[in-house]
Amino acid sequence: MACGVETENERGLCQSCWVDTHFATGQVCDSCGVPVPEGEQDVIHCDSCLSFPPAWDQGRCSVLYVGAGRKLALLLKHSDRLDLVPEMIKWMYASCASLLDENTVIIPVPLHRFRLLRRRFNQAAVLAQKLGNLSGDIVHVDALRRIKPTKTQKNMCRDERFKNLDQSMILNPRFKDRLKGKSVLLVDDVMTTGATLSACAEICRAAGAKKVNVVTFARVARPE
Ligand SMILES: [Zn+2]
Ligand SMILES: [Zn+2]
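**Q** Would you take a moment to explain the packing of helix H7 (residues 158-165) against helix H8 (residues 195-206) for this structure?
**A** When two helices pack together, their arrangement is given by the angle between the helix axes and the distance between those axes. Following both chains from N to C, one finds H7 and H8 inclined at 40°, their axes separated by 9 Å at the closest point. With respect to their mutual orientation, H7 and H8 come out oblique. Helix-helix and strand crossings are classified by hand; for H7 and H8 the assignment is right-handed. Facing Arg161, Phe162 and Leu165 of H7, the residues of H8 in contact are Ala195, Thr196 and Ser198. For the contact of H7 with H8, the residue count by class is three nonpolar, two polar and one charged.

Listed below in structure tokens is the structure:
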């Protein structure tokens, strides 16, 4: 999947990529899903989520954004490697299955149409759709919209990211009454500071969602 070496299964990781993939398993932060040292409490939060509590309820990720996990996220985003999605989705489903209930609706983080033109597909929407196929939950691909093309957040610090996102997203008016009482599961490929996901979570909550959880493929463990 990540390096092109032939593997036994059609889509799998070779041994060295497997070793190079940091799966988020064991005891994880209840807000973002990164592994945390085993503790006595049932619910544990990582340092980052303790310092900056996110706007959503619970969150999970499949891998850390390092090594082969980072490579996979980049291949999906910039190299159109949609063939990786089925396997990535299996990992994401396993990570977030405990957060799903009969009221769940799945919503991807939106991409502005300018960026959509350049990139041709919204990787978050693809992941959301496939996750819904696997879990059987309803997917509202179009529930959130980005109305301002935000600047790329790559080199921004946390405060700049939050400012950059301010009022850049809205609820699609068609979904005005459709999130009431729902458990929303927000889907994105990568979580860095969580600014984008927090902005989405606030919109869903304002629309009456009872719970807002998130799942991402990869989590940047130590955002600066
Ligand atoms: Zn490999
Ligand atoms: Zn966390």
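Structure shown, so let's carry the discussion forward.
**Q** Sorry if this is basic, but what is going on with the coordination of the zinc ion (ligand 2) here?
**A** Ideal values for angles at a metal depend on the geometry: 109.5 degrees with four tetrahedral donors, 90 or 180 degrees with six octahedral donors. The coordination sphere of the zinc ion (ligand 2) contains the protein donors Cys29 (SG), Cys32 (SG), Cys46 (SG) and Cys49 (SG), at a distance range of 2.3 Å. Because the angles between the four donor atoms bound to the zinc ion (ligand 2) fall within 105 to 113°, the donor set is best described as tetrahedral. The sequence motif formed by the donor residues of the zinc ion (ligand 2) is C-x2-C-x13-C-x2-C. In this pair, Cys29 sits in the loop between helix H1 (15-19) and helix H2 (47-51) while Cys46 sits in the loop between H1 and H2, placing the two residues 17 residues apart along the sequence. Note on accessibility: Cys29 and Cys46 belong to one class, buried.

**Q** Honestly, the packing of aromatic side chains in this entry has me stumped. Any pointers?
**A** Two numbers describe a pair of aromatic rings. These are the distance of the centres and the angle of the planes. One pass over the full model with this rule turns up three aromatic pairs. On the numbers, 4.9 Å between centres and 70° between planes, the contact of Phe23 with Trp91 is edge-to-face. Highlighted residues: Phe23 in the loop between H1 and H2 and Trp91 in helix H4 (residues 85-96), separated in sequence by 68 residues. By relative accessible area, which is 24% here, Phe23 ends up partly exposed. Here Trp91 falls in the buried class, since its relative accessible area comes to 12%. Between Trp91 and Phe217, the ring centres sit 5.9 Å apart and the planes meet at 20°, which makes this aromatic pair stacked. Placement of the pair is Trp91 in helix H4 and Phe217 in strand E7 (residues 211-219), with a sequence separation of 126 residues.

Parameters and conventions
The residue count restarts for each chain, going from 1 along the sequence in the order it is written. The order in which chains are written sets their letters, starting at A; the order in which ligands are written sets their numbers, starting at 1. Whole-chain, interface and lining totals are the exception, using all residues; otherwise, since this is a predicted model, local features are given only for residues with pLDDT of at least 70 and side-chain atom pairs are given and counted only at 80 or more. To obtain the side-chain values, all non-hydrogen atoms of the structure were included, while hydrogens and water were left out. Axis lines are fitted through C-alpha atoms, for helices just across the contact stretch, and the angle between N-to-C directions can take any value from 0 to 180 degrees. Secondary structure elements follow DSSP: runs of H or I of four or more residues count as helices, runs of E of two or more count as strands, with numbering from the N terminus. Every angle not falling under 35 degrees, over 145, or within 65 to 115 is termed oblique; those three ranges are roughly parallel, roughly antiparallel and roughly perpendicular. Crossing chirality is assigned from the near helix's rotation relative to the far helix, an anticlockwise turn below a right angle marking it left-handed and a clockwise turn marking it right-handed. By definition in these notes, contact holds between two residues if any of their heavy atoms fall within 4.5 Å. Only Asp, Glu, Lys and Arg are considered charged, only Ala, Val, Leu, Ile, Met, Phe, Trp, Tyr, Cys and Pro nonpolar, and every remaining residue, Gly among them, polar. Each metal's donors are the N, O and S atoms found within 2.8 Å of it, except that Na, K and Ca use a 3.2 Å limit; water is left out, so coordination can look incomplete. Under the classification used here, a metal with four donors is tetrahedral if each angle lies between 85 and 135 degrees, square planar if opposite donors are over 155 degrees apart and the others between 65 and 115, a six-donor metal meeting that same test is octahedral, and anything else is irregular. Buried means the residue's accessible area, taken with a 1.4 Å probe over protein chains only, is under 20% of the maximum for its type, while exposed means over 50%, and partly exposed covers the values in between. Any Phe, Tyr or Trp ring, taking Trp's six-membered ring, that has another such ring centre within 6.5 Å forms a pair; planes under 30 degrees apart are called stacked, those over 60 apart edge-to-face, and the others tilted.

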